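Summary of the model geometry
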Amino acid sequence: MSAPRVLALSGSSRRESLNTRLVTNAARGVEAAGVSCTVLDWSEFSLPLYDGDLEAESGMPEDAARLQQLFIEHQGLLIASPEHNSSYTALFKNLVDWISRSPEGEPPLVALKGKTAAVMAASPGALGGLRGLVPLRMLLGNLGVTVLPDQITVRQAMKAFDAEGRLVDDTQRERVEGLGRQLAENLLKVHRD
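Scope of this entry: the structure provided in the associated data block.

Calculation notes
- Residues numbered from 1 in each chain as written.
- Predicted model: local features only at pLDDT ≥ 70, side-chain atom pairs only at ≥ 80, totals over all residues.
- Heavy atoms only, no water.
- Core = buried A, V, L, I, M, F, W, Y, C linked by side-chain atoms within 4.5 Å.
- Buried < 20%, exposed > 50% of the residue type's maximum accessible area, 1.4 Å probe, protein only.
- Helix = DSSP H or I, 4+ residues; strand = E, 2+ residues; numbered from the N terminus.
- Contact = heavy atoms within 4.5 Å.
- Salt bridge = Lys/Arg side-chain N within 4 Å of Asp/Glu carboxyl O.
- Pairing = 2+ DSSP bridges.
- Axes fitted to C-alpha atoms, helices over the stretch in contact; angles between N-to-C directions.
- Phe/Tyr/Trp six-rings, centres within 6.5 Å; stacked < 30°, edge-to-face > 60°.

What follows is about the nonpolar core. Ranked by internal contacts, the top residues of the largest apolar core, which has 30 residues, are L67, F71, F92, L95 and L140. Of all the secondary-structure elements, those providing two or more residues to this core are strand 1 (5–10), helix 3 (62–73), strand 3 (76–80), helix 4 (90–99), strand 4 (116–122) and helix 5 (130–142). It is helix 4 that provides the largest number of residues to this core, a total of five residues. Setting aside residues up to four positions removed in sequence, F92 forms contacts with L9, I79, L136, L139 and L140.

Further remarks concern the environment of S2. Relative to the helices and strands, S2 resides in the segment before strand 1. Exposure remark for S2: the relative accessible area of 57% places this residue in the exposed category. Separated by 138 residues in sequence, S2 and L140 place their C-alpha atoms 24 Å apart.

Let us look at the pattern of salt bridges. Applying the stated criterion across every chain yields a total of six salt bridges. Of the charged contacts in the structure, one is a salt bridge between E16 and R21, with a shortest N-O distance of 2.8 Å. Since its relative accessible area comes to 23%, R21 is described here as partly exposed. For the salt bridge of R173 with D170, the shortest nitrogen-to-oxygen distance reads 2.4 Å. With a gap of three residues between them, R173 and D170 both fall in helix 6 (residues 170–192), about one helical turn apart. The exposure class of D170 is partly exposed, given its relative accessible area of 45%.

With respect to the helices and strands, the residue T116 is situated in strand 4. The buried category is assigned to T116, whose relative accessible area is 10%. Sequence-distant contacts of T116, defined by excluding residues within four places in its chain, comprise Q75, G76, L77, V145, T146, L148, L183, N186 and L187.

Here the focus is the sheet that holds strand 5 (residues 146–154). A sheet is described by the order of its strands in space; here five strands give the open sequence 2-1-3-4-5, paired in parallel fashion. Edge strands, defined here as strands with exactly one partner in the open sheet, are strand 2 (36–39) and strand 5. Adjacent strand axes in the sheet meet at a mean angle of 20 degrees, parallel and antiparallel pairs treated alike. For strand 4 and strand 5, the ladder comprises six bridges, and the chain directions are parallel. Bridge assignment links M120 to a residue of strand 5, and that residue is I152. Packing of helix 5 onto the sheet brings it into contact with strand 3, strand 4 and strand 5, and relative to strand 5 it is tilted by some 165 degrees.

Where helix 4 is concerned, the buried positions are F92, N94, L95, V96, W98 and I99. Summarising the contacts, the buried residues of helix 4 are in contact with strand 1, helix 2 (52–58), helix 3, strand 3 and helix 5.

For the coordinates displayed, the defined rule picks out two aromatic pairs. Each ring, one from Y50 and one from W98, has its centre 4.8 Å from the other, and the planes form 70 degrees; the classification is edge-to-face. Of this pair, Y50 sits in the loop between strand 2 and helix 2 while W98 sits in helix 4, placing them 48 residues apart in sequence. On the basis of relative accessible area, W98 is assigned to the buried category, the value being 0%.

Next up on the list: the pairing of strand 3. Of all five residues making up strand 3, five are buried, and the element is well covered by its neighbours. Across five bridges, strand 1 lies against strand 3 in parallel orientation. Bridge pairing in strand 3 links L7 to L77. Pairing between strand 3 and strand 4: five bridges, direction parallel. Looking across to strand 4, one finds that I79 is bridged to V119.

Encoded structure:
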């Protein structure tokens, strides 16, 4: 069995996304624990809205297939999602709608089922995106993803990062990197067993 790998992604494609900064900080904890971590760069992908007719006529779009393959190749997921109207983002839902499709000859939900995830959120608001993590956990759980009980929210996140995107507060940075380490250690334990 090959060594476990983690895919880190943000639910936002904005160039200066607070959640991309957050998940990148957590990815450092994954790597510090000795697990390889790929940080998804949304600028490399373009996904149309999921459309069953489009899929039936043309198959899965190339970028959707590339994303699905990335998920298949990684055993762990590190997800930072902004809160949009008390839920996860349309970008993340669209991603899930595409990658949850079953490639020919593969079992259902092959890109998601059996994965382990850690979730987090950053927001300029007072709750730090907390309300969006509840439906995110439900969605992931319904798709066969085990979500670690610990999670992190960063409130008033416009002030939380320095110019290089690192968390300014040492305690907060340790907690975020610690969640990444926790995910990595969980995967390593499963890998050894």
